Amino acid sequence: MKSFRARRWTLTLLTLLAAGLLAGAWALARIALRPTAMQSGVLLLALVAGLILFNARKKLPFLPLLTASTWLQVHIYAGWLTVLVYALHVGLRWPAGRLGIVLAGLFLVVAVSGVFGLWLSRWLPPRLTRSGESLIYERIPLLRHRLQEEAKNTVQQANEDTRSTTLADFYLKMLGPYLASAPAFLAPFTHDYRQHHRVVAELRELRRYLDASEITLADRLEDMIEAKRNLDRQLAGQRLLKLWLFVHIPLSYGLLVLALVHGWLALRYSGRW
């Protein structure tokens, strides 16, 4: 923990120092009436390319190039520095021209999605841990299917043992559709589990009509309903984390491509290419 804190403070100080030096150099150049667009553009392009390398590093974990956590911290602080360099590059004004507008809009979306992802990666995992055992995302559909089969077998057992259709009717009316349903996209934010509470309330209401053996099976079904809610929390949370990456990473590559085109056009029309 101490090493993490020390690394965080070191990166914070280095980022603040770099930001101060860049802002100072930009201000001095403006006072001296020297153009800064080319230099800041090259630095901005280098920073964007460096940020994208973080994703490449994650795909090559065997390379002895620092730990993934260190790369993540560098990525975060370099991202904040990139926002500053972009502001200096455009001069705190919305650019003109189609390419400039598209590039500015894309940069804004990438930056905002990065900040959102940073907050989400800090806010969501602790809540998923409190909701139950952490699960591998790809195994959750299989666990949901097993839960549905177990509930179906339990209801069939109730029919065979008691010759009563009370639990079977409950399964067809409420439990089956609930177990087959998927959590809402914004479930991690809304905490909307009204369907869960309705199913539990209905099952508990039915207990007055059940005999001793059926109550035992009903208790088993209630445990399955609770397990379904935990699976929904894991599914919704991990799905949101993955969908965020599907937005942030492709747009980052698109930003790099457009930035290269923008740089090439700037060099060409300035007579330097």
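Everything numeric here is computed off the predicted structure, so don't read it as measured data.

A. Highlighting the nonpolar core. Ranked by internal contacts, the top residues of the largest apolar core, which has 26 residues, are Leu167, Leu175 and Leu221. Those elements that place two or more of their residues in this core are α5 (140-162), α6 (166-180), α8 (194-206) and α9 (212-269). Sorting elements by how many residues they give to this core places α6 first, with eight residues. Apart from residues lying up to four places away in sequence, Leu221 is in contact with Ala151, Thr154, Val155, Leu167, Leu175 and Leu203.

B. Region of interest: the packing of aromatic side chains. In total, this model carries five aromatic pairs according to the counting rule given. Geometrically, the ring pair formed by Tyr86 and Phe107 is stacked, given 4.1 Å between the ring centres and 15° between the ring planes. Of this pair, Tyr86 sits in helix α3 (residues 68-90) while Phe107 sits in helix α4 (residues 98-130); the two residues are 21 residues apart in sequence, bridging distant segments of the chain. According to the relative accessible area criterion, Tyr86 is buried, its value standing at 16%. Ring centres of Phe116 and Trp119 lie 6.0 Å apart, and the angle between their planes is 40°; this geometry places the pair in the tilted category. Of this pair, Phe116 and Trp119 are both found in helix α4, three residues apart, which corresponds to roughly one turn of the helix. Overall, the relative accessible area of 40% leaves Trp119 in the partly exposed class.

C. Representation of the confidence of the model for the protein within the structure. Residues with a pLDDT of 70 or more make up 93% of the protein, whose mean pLDDT is 87. Of all secondary-structure elements in the protein, the lowest mean pLDDT belongs to helix α1 (residues 2-31), at 83, while α6 reaches the highest, 94.

Cut-off values and rules
- Residues numbered from 1 in each chain as written.
- Predicted model: local features only at pLDDT ≥ 70, side-chain atom pairs only at ≥ 80, totals over all residues.
- Heavy atoms only, no water.
- Core = buried A, V, L, I, M, F, W, Y, C linked by side-chain atoms within 4.5 Å.
- Buried < 20%, exposed > 50% of the residue type's maximum accessible area, 1.4 Å probe, protein only.
- Helix = DSSP H or I, 4+ residues; strand = E, 2+ residues; numbered from the N terminus.
- Contact = heavy atoms within 4.5 Å.
- Phe/Tyr/Trp six-rings, centres within 6.5 Å; stacked < 30°, edge-to-face > 60°.
- pLDDT = per-residue confidence, 0-100.

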